[in-house]
Amino acid sequence: MKRKIVRKGQFDRNQRTSKIHISELQLGMYISKLDRDWMETPFLMQGFLVETLDDIEILAELCEHVWIDAIFEEWTQPVEMGINGEKPPAYTVRYINKIAPQEEHRKAIGIYKGARSKTKTMLDEIRLGGVVNTEEAKSTVDDCVASVLRNPDALMWMSQIRTEDEHSAEHSLNVCILAIALGRHLGMDKLDLKHLGLCGLLHDLGTLRIDPELLKKRGRFSEREEKIMKAHPIYGRNLLMASPGVYHGAIDVAYSHHERIDGTGYPRGLKAAGISRFTKIITLVDAYDDMTVNRISDESITCTDALKIIYRNRGLQFDERLSLDFIKAIGLYPPGSIVELKNGTVALVLETNHKHHHLPRIITVLNPAKKPVKKQRILNLEQIHSGELGKPYLIKCVHRDGAFDLFIREFQEMGLMFCH
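Please read all numbers here as calculations on a predicted model, not as lab measurements.

Can you tell me about the overall build of the chain, naming the residues and giving the values?
In terms of helices and strands, the chain carries 15 helices and nine strands. Going through the 420 residues of the chain one by one, you find that 53% of them count as buried. Taking as baseline every contact in the chain between residues at least 6 positions apart, the subset at least 24 positions apart corresponds to 68%. Of the accessible surface of the chain, which amounts to about 19,700 Å², a share of 50% is contributed by carbon and sulfur atoms.

So this is what it looks like as structure tokens:
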């Protein structure tokens, strides 16, 4: 009998779980638990079948013991329907990176700066009582879609840059970029990617109708303040409805992006079946960008910690399948992440490795003594897997932007990331 991966909810109730040393692991065993946090490994689901020797080698690098299921069922269900009963797309597009990330990085600088400038101008006009400049919004999204389709890592790297006085524009643009990257991963066609990008760019316009001082407040809101904050999806919907030529899906997303799968969101308390797929995507990436942004009085968390929160809240706040797809799309170490290796070296992630998620392509910036390196080196950590690099080059942890006085923005301004 050919074994297949057992999906959540399909375990045999009589199965037994055994703890074994990694040296006892064999092909065909089903791993149900590791001796470390799953987010520190390239295995994106708790519960997977050991199908290759590569799987065993990676586990040996990371774990001492694992738990295996002694009995598991054959999965014989037909192909799954779309999310929450929605019909799946008629087809999906399989994309390939058309150019190297270094080449796209050079283009992405201009694309991101131009898109941020256009977004800021659009938001300023709305603050002054105007409506959405639909053509300008579409032009901004078109540029982002073109870049992500060529190679998503470059523009995703740019989305890590934070500038305090341009938070609103950067957040709107970053949500747009991350949504397009997830849509690409899901195999959406180009038109859907443009629509999804518009939803991301325009999702939070309602906050422009709220006192900026209230938006900056940290800590608990008063009952009155909470009511005002929870009204911003309604403001956003009304603003978009008054703007000619706006994609209708963006109106729904602006109105619904704070709804939750379990029905505890606002303003309508919708449950999963009542929330559109685009809204579920924007809800995810909006939360991720909010968690990782670095504000003056509200420290960000690392991208890895944000992904852990999304994983823990899948099926409650976030759609379960889309949560896992998002983690796969951006990788454990998204481009632009500041990482520390086991040997103490500090580096920036240049490119995600979608095969071995824990082995991205990096550029070194600090030596083990945390001093600037004399010469930056680009390292492909996948060479650890082939034995060309030693295990001290494995990533030990991720740091947030600003750690060791390293700021992604400064590297971009100096052009150091794009001269290799």
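Lay out the packing of helix α9 (residues 232-241) against helix α10 (residues 248-256) with the relevant residues and their values.
Two elements in contact, α9 and α10, have axes whose closest approach is 7 Å; the angle formed by their N-to-C orientations is 165°. As far as their axial angle goes, α10 and α9 are roughly antiparallel. Pair α9 / α10 crosses with right-handed handedness. Of the residues in α10, those touching α9 at P233, I234, G236, R237, L240 and M241 are A250, I251, A254 and Y255. For the contact of α9 with α10, a count of residues per class yields eight nonpolar, one polar and one charged.

Give a detailed account of the nonpolar core, specifying residues and quantitative values.
Core analysis: the biggest nonpolar cluster contains 95 residues, and L155, L202, L205, Y288, F326, V339 and L381 have the highest contact counts within it. Examining the composition of this core, we find that eleven residues originate from one element, helix α5 (residues 167-186), more than from any other. With sequence-adjacent residues up to four places away left out, Y288 is seen in contact with L178, C303, A306, L307, I310, F326, I330 and P334. Of all hydrophobic cores here, the second largest spans 15 residues; its members include I20, V50, L59 and V66.

Thresholds applied
- Residues numbered from 1 in each chain as written.
- Predicted model: local features only at pLDDT ≥ 70, side-chain atom pairs only at ≥ 80, totals over all residues.
- Heavy atoms only, no water.
- Helix = DSSP H or I, 4+ residues; strand = E, 2+ residues; numbered from the N terminus.
- Buried < 20%, exposed > 50% of the residue type's maximum accessible area, 1.4 Å probe, protein only.
- Contact = heavy atoms within 4.5 Å.
- Areas by Shrake-Rupley, 256 points an atom, 1.4 Å probe, with all protein chains shown as cover.
- Axes fitted to C-alpha atoms, helices over the stretch in contact; angles between N-to-C directions.
- Parallel < 35°, antiparallel > 145°, perpendicular 65-115°, else oblique.
- Left-handed = near helix turned anticlockwise from the far one by under 90°.
- Nonpolar A, V, L, I, M, F, W, Y, C, P; charged D, E, K, R; others polar.
- Core = buried A, V, L, I, M, F, W, Y, C linked by side-chain atoms within 4.5 Å.

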